[in-house]
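Now for the letters of each chain:
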Amino acid sequence: MKYVIIGGEAAGMSAAMQIVRNTEDAEIVTLEKGGIYSYGQCGLPYVISGMISSTDELIARSVETFRQKYGIDAHLYCEVRSIDPEEKKVYGIHTKTGKAFCHSYDKLLIATGASPNLPEWEGIELEHVHVLKTIPDTHRILDSLKKEINDVTIVGGGYIGLEMAENFHKLGKHVRIIQRGKQLASLFDEDMAEHIHKEAQDKGIEVILEEDVKKIAGQTAVEAIETDKRRYETDLVLVSTGVHPNTSFLKGTDIRLSVKGAIEVNRYMETNVKDIYAAGDCAVQYHRIKEHDDYVPLGTTANKQGRIAGLNMAGNGVAFAGIVGSSIIQFMDLSLGKTGLSEKEAQVLQFPFQTISLEVKNHAGYYPGASPLYIKLIYRKDNDLLLGGQIIGKNGVDKRIDVLATALFHKMTITELDDLDLSYAPPYNSPWDPIQQAARRHK
């Protein structure tokens, strides 16, 4: 049996390893467009600030490891340009040599990931204008920082934008975030985003809301960025305006695309075309709370979907359980956690809902070092089913978000949160956990 996998990062190589472990005498060919296999993209912002000393530390397994230890025919710089599902062949170009290639397959996995959105602004090609998605992107930013860079402008206030704002700030740069909408971190509700705005203000990060970038100005390197309202002098621009799935090469095939152009898959990671699977940031994810497919490209999900795809390609009938939309990031001294639906998402879905908001200490107030947690819970008012939670604070956010994520996965009601047997000692908690204190305000 010959397996071809397009993509050599989280989803692709998670699948490849499951095929190695669950089959005998499999021929596995992996085709990676870039020059690096299997690395932790989420660590890239911390290389910029020097918290992580080198991108080498982010590489989980080298291409040589896959080849020599696991017997995978792993290729670099191989960009797939088209697929012929009837002939069961993939076609592409080696980007270093320009040489065409063709591989036949018995089963195919598409794990091509996503790419940053790059708006068609004048000046987007100027020196010191960057995106951040790959290790080469990181090296280009580090090269720019070797020059005299004092003022940094980030376009986009999502997770990458906030993480990069923190890491540029650690380097002593003046940091500005320009956001087209009226709040940073649009995954959060407006009332919760106010805590993020205050943290930015307290740390000296300039936040520009409700302005639309129109142009990047400069001769050879960026000198300023112009919005629909004013001009900002700057030395470096990071464009962080979201990503799109890498699926354009599927044009002309019968493979169905869905949310935001991502590949439609079932719970077994199968596309609508026989023997073709898809996983990771190029595919949809089933959302357990929304009860339909969504597009939430995250590394955790890519690894899970890749594992499921590999198991099923190897003949094991394993279903992907779906996501509840959990995420967390660090922004300066705060942790920002969210799981399930926001109030905005519940409104779009026309769910009958109520919210509970509470400020509470992260552990026993009499024990030194207690700090505030800002908690928001969303639940259905017709049956009390928990719909989501948002928590922002300095300490203890991660474990509470994970408790809520587990509760959402198992479709618990807000009143059932009271019954959870959660750990307590004064340095860690109160007798009633903060999420239980919030839940008990349910009426």
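Residues numbered from 1 in each chain as written. Predicted model: local features only at pLDDT ≥ 70, side-chain atom pairs only at ≥ 80, totals over all residues. Heavy atoms only, no water.

- The protein carries the name CoA-disulfide reductase in an unreviewed UniProt entry, which gives Metabacillus rhizolycopersici as its organism.
- Taken from UniProt, the Sequence similarities (unreviewed entry) comment for the protein reads in full: "Belongs to the class-III pyridine nucleotide-disulfide oxidoreductase family." (UniProt positions renumbered as here; feature names shortened; annotations may be inferred.)

**So, the overall build of the protein**
Turning to step 1, where the next piece is worked out: Secondary structure assignment for the protein yields 10 helices and 25 strands.
Turning to step 2, where the next piece is worked out: The C-alpha atoms of the protein give a radius of gyration of 23 Å, which matches the 22 Å a tight globule of 443 residues would have.
Turning to step 3, where the next piece is worked out: Seen along its three principal axes, the alpha-carbon backbone of the protein occupies a region of about 65 × 55 × 40 Å.
Turning to step 4, where the next piece is worked out: Buried positions account for 51% of the 443 residues belonging to the protein.
Turning to step 5, where the next piece is worked out: Taking the intrachain contacts of the protein between residues at least 6 apart in sequence as the baseline, contacts between residues at least 24 apart amount to 61%.
Turning to step 6, where the next piece is worked out: Approximately 20000 Å² of the protein is accessible, and the part contributed by carbon and sulfur atoms is 47%. (Helix = DSSP H or I, 4+ residues; strand = E, 2+ residues; numbered from the N terminus. Rg over C-alpha atoms; globule rule 2.2 N^0.38 Å. Buried < 20%, exposed > 50% of the residue type's maximum accessible area, 1.4 Å probe, protein only. Contact = heavy atoms within 4.5 Å. Areas by Shrake-Rupley, 256 points an atom, 1.4 Å probe, with all protein chains shown as cover.)

**Some details on helix α7 (residues 299–313)**
Turning to step 1, where the next piece is worked out: With 15 residues, α7 should cover 21 Å at 1.5 Å per step; its first-to-last C-alpha distance of 21 Å lies within 8% of that length.
Turning to step 2, where the next piece is worked out: Among the residues of α7, those classed as buried are T301, A302, Q305, G306, I308, A309, G310, L311, N312 and M313.
Turning to step 3, where the next piece is worked out: Those residues of α7 that are buried lie in contact with β1 (2–6), α1 (10–22), β7 (107–110), β18 (276–278) and β19 (285–287).
Turning to step 4, where the next piece is worked out: One or two residues past the end of α7 sits G315, with phi positive at roughly 105°. (Expected span 1.5 Å × (residues − 1).)

**What to know about the UniProt feature "domain: Pyridine nucleotide-disulphide oxidoreductase dimerisation" (unreviewed entry) in the protein**
Turning to step 1, where the next piece is worked out: The feature "domain: Pyridine nucleotide-disulphide oxidoreductase dimerisation" (unreviewed entry), as annotated in UniProt, sits at residues 329–429 in this numbering.
Turning to step 2, where the next piece is worked out: Between the C-alpha atoms that bound residues 329–429 there is a distance of 21 Å. The span itself is 19% helix and 36% strand.

**Observations concerning the sheet that holds strand β15 (residues 231–233)**
Turning to step 1, where the next piece is worked out: Spatial strand order, β13-β14-β15: three strands in an open sheet with antiparallel pairing. If you trace the sheet from one side to the other, it starts and ends with β13 (213–218) and β15, each paired once. Within the sheet, the average angular offset between the axes of one strand and its neighbour, ignoring direction, is 20°.
Turning to step 2, where the next piece is worked out: Bridge count between β13 and strand β14 (residues 222–227): five bridges; the pairing is antiparallel. Counterpart to K215 in the pairing with β14 is E226. (Pairing = 2+ DSSP bridges. Axes fitted to C-alpha atoms, helices over the stretch in contact; angles between N-to-C directions.)

**Side note on the environment of E166**
Turning to step 1, where the next piece is worked out: Position of E166 among the secondary structure elements: in helix α5 (residues 159–170).
Turning to step 2, where the next piece is worked out: Residue classification places E166 among the buried positions, given a relative accessible area of 2%.
Turning to step 3, where the next piece is worked out: The spacing of E166 and Y232 is 66 residues in sequence and 20 Å in space, taken between C-alpha atoms.
Turning to step 4, where the next piece is worked out: Not counting the four nearest positions on each side in its chain, E166 is found in contact with Q330, F331 and M332.
Turning to step 5, where the next piece is worked out: Of note is the side chain of E166, whose polar atom sits 2.9 Å from the side chain of K170. (Polar contact = N/O pair within 3.5 Å; in protein donor to acceptor, adjacent residues only side chain to side chain.)

**Considering the pairing of strand β11 (residues 174–179)**
Turning to step 1, where the next piece is worked out: Most of β11 sits inside the fold, with five of its six residues counted as buried.
Turning to step 2, where the next piece is worked out: Here strand β10 (residues 151–155) runs beside β11; their pairing, made up of five bridges, is parallel. Residue D151 lies in a different strand from β11, and its bridge partner there is H174.
Turning to step 3, where the next piece is worked out: Handedness of the crossover joining β10 and β11 through α5 is recorded here as right-handed.
Turning to step 4, where the next piece is worked out: Here β11 pairs with strand β12 (residues 206–209) via four bridges, running parallel. Bridge pairing in β12 places I177 opposite V207.
Turning to step 5, where the next piece is worked out: In terms of handedness, the path from β11 via helix α6 (residues 190–202) over to β12 forms a crossover that is right-handed. (Right-handed = clockwise from strand over helix to strand, strands pointing away.)

**Here we look at helix α9 (residues 397–409)**
Turning to step 1, where the next piece is worked out: Along its 13 residues, α9 runs 18 Å from first to last C-alpha, staying within 8% of the 18 Å computed at 1.5 Å per residue.
Turning to step 2, where the next piece is worked out: Residues of α9 that are buried: V397, R400, I401, L404, A405, A407 and L408. The buried residues of α9 occupy an angular sector of 160° when the element is viewed end-on, so they sit on one face.
Turning to step 3, where the next piece is worked out: Those residues of α9 that are buried are in contact with β21 (327–331), β22 (334–340), β24 (372–380), β25 (386–393) and α10 (434–439). (Arc of directions from axis to C-beta.)

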